Amino acid sequence: MKKRFFVFLMAFLLLFSVSAFGEEMTAEQRVFDYADLLSEADEREMHLWIEEMQETWRMDLAYLTTNDTEGKSVQQYGADFYVEHDLGLGENYDGVIFVLDMGSREGQIITCGKAIDIYTDYYIDQMWDHMVGFLSDRDYYNAFFSLYLDMNELAGDYETYQKDPDSFLSDYSKAQKTRGILTSAAVAAVFGLVIAAVAVSSMRKSCKNVKPYTDGRAYLKENGYHLSVNRDSFVSTHTAMMPIPREDDHDHHGGGFHSGGSWGGGSSTFSGGGRSFGGGGGRF
């Protein structure tokens, strides 16, 4: 009798622990594969990445696949989902959700809280470029893994940047400097071509009234020509400067804009569920 009671007790405790574990996994679920693109093994591994992001950088990460966004844009659908499922860490709901809509074949990286500061438009474009090839090849697991790797690396760089913004040269700043040099060179080249074209045109006009002679003596002065004074005099110099507008000085995306300074240029923002979100993506 005691043995039967012990077996019953052990079975009850095991059932209770399994039930509690299932509830915990549901509460911490961050992979919502409603389009059925991933295996169970894929989802288990993805949850390990997510836990690392949460513990290392105190940011949430979620993946959502769907076949229908219920008439909303993919971006708005993802933002609403983020709010409804209480995603994000801390008082600012810091985190990222990647939404993949198979109906429109569109993906959107959506940021919230401090993720808006870290993953600016410039870096979002880079992350999307790294993912889109995998998505086109239907390699969804590696597309999601690529996003995680980029997020992890940029979060580390951003932490270093915050410690000393003046000495840290971000990837965005490097790109801007290179672009500025190329733009200046192009402006100088165009300006030089214009000056040369004007000079050649002026020379051609001045030669229209000149008549050719067959006898070379016609070009000689009767008593010759003598220089009495030979002197070069410096008169003046003039330097013209032209301001080159920076692309990040303006918002080309519509909606709001959150400046990111020398780190990343800034993030386009929109509202969802009373919160502010950033991000971007495209079709594949």
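Residues numbered from 1 in each chain as written. Predicted model: local features only at pLDDT ≥ 70, side-chain atom pairs only at ≥ 80, totals over all residues. Heavy atoms only, no water.

**Thoughts on the environment of Ser167**
Phase 1: Structurally, the position occupied by Ser167 is in the loop between α6 (140-163) and α7 (171-206).
Phase 2: A polar side-chain atom of Ser167 sits 2.6 Å from a polar atom in the side chain of Asp164. (Helix = DSSP H or I, 4+ residues; strand = E, 2+ residues; numbered from the N terminus. Polar contact = N/O pair within 3.5 Å; in protein donor to acceptor, adjacent residues only side chain to side chain.)

**Thoughts on the environment of Phe284**
Phase 1: Assignment of secondary structure puts Phe284 in the segment after β7 (275-283).
Phase 2: Given a relative accessible area of 16%, Phe284 falls into the buried group.
Phase 3: Between the alpha carbons of Phe284 and Met102 there is a distance of 9.8 Å; along the sequence they are 182 residues apart.
Phase 4: Contacts of Phe284, omitting those with residues within four sequence positions, involve Leu100, Met102, Arg105, Glu106, Gly107, Trp128, Val132, Leu135 and Ser136. (Buried < 20%, exposed > 50% of the residue type's maximum accessible area, 1.4 Å probe, protein only. Contact = heavy atoms within 4.5 Å.)

**Here we look at the nonpolar core**
Phase 1: By size, the foremost hydrophobic cluster in this structure holds 38 residues, and its most contacted members are Tyr63, Phe98, Tyr119 and Phe144.
Phase 2: The set of elements that each furnish at least two residues to this core consists of α2 (40-57), β2 (60-66), β3 (95-101), α4 (114-118), α5 (121-136) and α6.
Phase 3: No other element matches α6, which puts 10 residues into this core.
Phase 4: When neighbours within four sequence positions are excluded, Tyr63 is seen to be in contact with Arg30, Val31, Phe32, Met46, Trp49, Ile50, Phe98, Phe144, Leu147 and Tyr148.
Phase 5: One finds Phe32, Phe81, Tyr82 and Phe277 within the second-largest nonpolar core, a separate group that totals 15 residues. (Core = buried A, V, L, I, M, F, W, Y, C linked by side-chain atoms within 4.5 Å.)

**Let's talk about the pattern of salt bridges**
Two side chains that carry opposite charge are able to pair once their charged atoms sit near each other.
Phase 1: Summed over the entire model, instances satisfying the criterion amount to 2 salt bridges.
Phase 2: In this structure, the salt-bridge partner of Lys72 is Asp80, at a minimum N-O distance of 2.8 Å.
Phase 3: Classification of Asp80 as buried rests on a relative accessible area of 15%. (Salt bridge = Lys/Arg side-chain N within 4 Å of Asp/Glu carboxyl O.)

**Details of a negative patch on the surface**
Phase 1: The grouping of Glu28, Glu51, Glu52 and Glu55 at the surface amounts to a negative patch.
Phase 2: Inspection of the secondary structure puts Glu28 in the loop between α1 (2-27) and β1 (31-33). (Patch = residues over 30% accessible without salt bridge, like charges linked within 9 Å, V, L, I, M, F, W, Y side chains within 5 Å. Areas by Shrake-Rupley, 256 points an atom, 1.4 Å probe, with all protein chains shown as cover. Lys, Arg positive; Asp, Glu negative; His and termini not counted. Charge placed at Lys NZ, Arg CZ, Asp CG, Glu CD.)

**Remarks on the side chain of Thr111**
Phase 1: Turning to its location among the elements, Thr111 is positioned in strand β4 (residues 106-112).
Phase 2: If sequence neighbours within four positions are ignored, Thr111 has contacts with Gly95, Val96, Ile116, Tyr119, Ile124, Ser276, Phe277, Gly278 and Gly279.

**Structural notes on the packing of α2 against α6**
For any two helices packed against each other, one specifies the crossing angle of their axes together with the interaxial distance.
Phase 1: Closest axis-to-axis distance for the α2/α6 pair is 11 Å, and the angle between their directions is 10°. Taken together, the axes of α2 and α6 are roughly parallel relative to one another. Taking contact as the criterion, the partners of Asp42, Glu45, Met46, Trp49, Glu52, Met53 and Trp57 in α2 are, on α6, Tyr141, Phe144, Phe145, Tyr148, Met151, Asn152, Ala155, Gly156 and Glu159.
Phase 2: Tallied by class, residues from the contact of α2 with α6 come to 10 nonpolar, 2 polar and 4 charged. (Axes fitted to C-alpha atoms, helices over the stretch in contact; angles between N-to-C directions. Parallel < 35°, antiparallel > 145°, perpendicular 65-115°, else oblique. Nonpolar A, V, L, I, M, F, W, Y, C, P; charged D, E, K, R; others polar.)

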